[in-house]
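A closer look at the structure
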Amino acid sequence: MSATATEPQPTEPPSRVLRAAFRAFAAIERVGNKLPNPFWLFWILAGVVIVLSAILAAAGVSTPHPGTHETIKVQSLLSKAGLTTMVEGAVDNFATFPPLATILIVGFGISVAQASGLFTTLLRRMVARVPGKYLTFALSMTAMVAHVAGDAAYVTLIPLGALVFRAAGRSPVLGCIVAYVSISAGYDASPSLTTTDVLLSSISTAAAHTIDPHYVVTPVANYFFGVASSVLVALVITLVVDKVISRRSDLAPDEPVQALNTAELKAIEVTPEQRRALRTTGLAALGFTAVLAAAMIPVSSPLRGEGGSLVESPVISGMSIVLFLFFSLLGWVYGRMAGTFRSAGDIVDALVEGTRTFAPILVLFFAISQFLAYFKWTNIGNVIAIEGAETLKQMHLSGWSVLVGIAVLITFMNLVITSGSALWALAAPVLIPMLMLIGIEPETTQAVYRVADSVTNCVTPMSPYFAMALAFIQQHRKSAGIGTLASFTIPIAAVVWVVWVAFFVLWYLLGIPFGVG
């Protein structure tokens, strides 16, 4: 039976290595499909923490704090104090969960920009009429910018990639692959700040408080590395695609590549009104940035921190509200100019509609916040971090080798737990304190996590966007299956992983700041 969009069939590749990889991914898919929804997974983990805390507390497990030398004992959640904490603290655990408010505030601004049509027009503008020899890089770099739109980037850019490749006389299948790999494999690399920056930094800050209650990981803590990585990943994808993947004979669609019809041309063209709206929006972005910069120039500015500090300023610590205002302004300006927003009420409608998209995140955050609160209260994380740090010190491993080891661990974990926030919420409470104790800053740990968390997104069948990308490809080649897509994404992901990890190690060894903070 031939493959369809709803019943993708794997295709057997000629390469022995790829056949082995497909068998491994099939096993991962079987295991992953047996895992519960992340919401239930964190409640199960919370139950494990409850039982484990009682066992370790009864065994008298403890460790001295390396700084204060105070004895840290594991506390039982099945004790009177533990049960009281779980019941009385449930609401506070959720309400004070660091990423909760920040992700909502930034998300509100992005919702306004998304509803105005700004992101869609900007993406079309970036890839329309690009010379053929630069098309792959232009599409890949556009995907890096598209990360600011979150998961909406997949829905917008994959079919757009097929259209612009067709317009250039190239395979639309390849256009889908380039767009999908660029969005997913480079998900944590972007030339602009995204909700991911706010989300991960909030979790990292909470984890760092285990060792230093005053430590703050800012949303711009990995900004320099993220900007450089976005260009690097786009270049690597371009080289692999244009030099290797594009030469494969199985890229041909079912129908010969034809010129775009009128409707398809309209889907990628930017109208004169939209171009004017984009220019005005660009001026608004420059104006916003200039006003903010000018307001921070005076040493006595209220927007500076104590002693005139820029790093510890209200702008950095309140980056979520700055991003909200920035994206809301751009969305409003573009919407008014393009005619998609006609009144202030449209802004409210955009905020309401955007809030609906956050419902799954809010549900997941409730489970995560309880698990992390239990984990922190029991001191299990502290004991693991301190003992783990001592083990690493005794092994005399260099910092870069420890970080590469973590990259490998997170890479394999990401094949099954594809939610970046869920995986970091699970890993950060142990990794950040443990590495802080051996002199590795949270910003560095977060940066290597972002590399490892990104690359395998495009190869794991556990990702919902893997199936989405396959469905788009099957619009042009009905026989394509899981194996078809994986045979393209695996080689690209492998090269990106090696180059990006090497780039991270070089950055780390040179002592270049990963961002501001």
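Since the model is a prediction, treat every value here as computed from it, not as a measurement.

1. Concerning the overall build of the protein chain
- Within the protein chain, the regular secondary structure consists of 23 helices and 2 strands.
- When the 517 residues of the protein chain are sorted by exposure, 51% land in the buried category.
- In the protein chain, the proportion of contacts linking residues at least 24 apart, taken out of those at least 6 apart, comes to 79%.

2. Looking at the side chain of Ser 171
- Here Ser 171 is to be found in the loop between α8 (152–167) and α9 (172–185).
- A polar contact of 3.2 Å, which involves the side chain of Ser 171, links it to the backbone nitrogen of Val 173.

3. Examining the packing of α9 against helix α23 (residues 482–510)
- Remark: α9 packs on α23, axes separated minimally by 11 Å, with the N-to-C direction vectors making an angle of 40 degrees. One element, α9, and the other, α23, form an angle in the oblique class. As α9 runs across α23, the sense of the crossing is right-handed. Residues Ile 177, Tyr 180, Val 181 and Ala 185 of α9 form the contact with α23, whose participating residues are Leu 485, Phe 488, Thr 489, Ile 492 and Trp 500.

4. Points about a nonpolar patch on the surface
- There is a patch of nonpolar side chains on the surface, built from Trp 40, Ile 44, Val 48 and Leu 52 and spanning about 390 Å² of accessible area.
- Looking at the secondary structure, you find Val 48 in helix α2 (residues 38–58).

5. What to know about the pattern of salt bridges
- Under the counting rule described, the total for this entry stands at 4 salt bridges.
- We note a salt bridge from Arg 276 to Glu 273, for which the minimum N-O separation is 4.0 Å. Taken as a pair, Arg 276 and Glu 273 lie in helix α13 (residues 272–296) at a separation of 3 residues, close to a single helical turn.

6. Quick look at the packing of α9 against helix α22 (residues 464–474)
- Where α9 meets α22, the closest approach of the two axes is 9 Å, and the angle between their N-to-C directions is 160 degrees. Taken as axis vectors, α9 and α22 run roughly antiparallel relative to one another. Crossing geometry of α9 relative to α22 is assigned as right-handed. Residue-level inspection shows Val 173, Cys 176, Ile 177 and Tyr 180 of α9 in contact with α22, the latter providing Tyr 465, Phe 466, Ala 469, Phe 472 and Ile 473.
- Here the contact of α9 with α22 is built from residues that sort into 9 nonpolar, no polar and no charged.

7. Details of the packing of aromatic side chains
- On inspection of all chains with the given rule, the structure shows 24 aromatic pairs.
- Taken together, a centroid distance of 4.0 Å and an interplanar angle of 5 degrees make the contact between Tyr 154 and Tyr 465 stacked. With Tyr 154 in helix α8 and Tyr 465 in helix α22, this residue pair connects regions lying 311 residues apart in the sequence. As far as burial versus exposure is concerned, Tyr 154 and Tyr 465 are alike and both buried.
- When the ring of Phe 225 is compared with that of Phe 504, the centres are 6.0 Å apart and the planes differ by 80 degrees; the resulting orientation is edge-to-face. Of this pair, Phe 225 sits in helix α11 (residues 223–243) while Phe 504 is found in helix α23, placing the two residues 279 residues apart along the sequence.
- Judged by its relative accessible area of 2%, Phe 504 falls in the buried class.

8. Thoughts on the environment of Leu 235
- Tracing the sequence through the fold places Leu 235 in helix α11.
- When its relative accessible area of 43% is taken as the criterion, Leu 235 is described as partly exposed.
- Sequence spacing of Leu 235 and Ser 140 is 95 residues, and the spatial spacing of their C-alpha atoms is 8.1 Å.

9. Topic: the confidence of the model for the protein chain
- Per-residue pLDDT for the protein chain has a mean of 83; in total, 89% of the residues score no lower than 70.
- Averaged pLDDT values over the elements of the protein chain bottom out at 61 in helix α1 (residues 16–34) and peak at 94 in α11.

10. Let's talk about the nonpolar core
- Of all hydrophobic cores here, the largest spans 122 residues; its most connected members are Leu 157, Ile 177, Tyr 180, Ile 368, Ile 492 and Trp 500.
- In terms of residue count, α23 provides more of this core than any other element does, 13 residues in total.
- Among all residues touching Tyr 180, those that are not within four sequence positions of it are Tyr 154, Ile 158, Asn 457, Cys 458, Tyr 465, Phe 466, Ala 469, Leu 485 and Thr 489.
- Within the second largest apolar cluster, 25 residues are counted, among which are Ala 113, Ala 285, Val 322 and Phe 326.

11. Quick notes on unusual backbone geometry
- Of note, the phi angle at Asn 379 is positive, near 70 degrees, even though the residue is not glycine.
- Its relative accessible area of 16% is what places Asn 379 among the buried residues.
- One non-glycine residue with positive phi stands out, namely His 396, at about 55 degrees.
- For His 396, the location among the structural elements is in the loop between α18 (380–395) and α19 (399–414).
- Classification of His 396 by relative accessible area gives exposed; the value is 70%.

Definitions and cut-offs
Residues numbered from 1 in each chain as written. Predicted model: local features only at pLDDT ≥ 70, side-chain atom pairs only at ≥ 80, totals over all residues. Heavy atoms only, no water. Helix = DSSP H or I, 4+ residues; strand = E, 2+ residues; numbered from the N terminus. Buried < 20%, exposed > 50% of the residue type's maximum accessible area, 1.4 Å probe, protein only. Contact = heavy atoms within 4.5 Å. Polar contact = N/O pair within 3.5 Å; in protein donor to acceptor, adjacent residues only side chain to side chain. Axes fitted to C-alpha atoms, helices over the stretch in contact; angles between N-to-C directions. Parallel < 35°, antiparallel > 145°, perpendicular 65-115°, else oblique. Left-handed = near helix turned anticlockwise from the far one by under 90°. Patch = residues over 30% accessible without salt bridge, like charges linked within 9 Å, V, L, I, M, F, W, Y side chains within 5 Å. Areas by Shrake-Rupley, 256 points an atom, 1.4 Å probe, with all protein chains shown as cover. Salt bridge = Lys/Arg side-chain N within 4 Å of Asp/Glu carboxyl O. Nonpolar A, V, L, I, M, F, W, Y, C, P; charged D, E, K, R; others polar. Phe/Tyr/Trp six-rings, centres within 6.5 Å; stacked < 30°, edge-to-face > 60°. pLDDT = per-residue confidence, 0-100. Core = buried A, V, L, I, M, F, W, Y, C linked by side-chain atoms within 4.5 Å.

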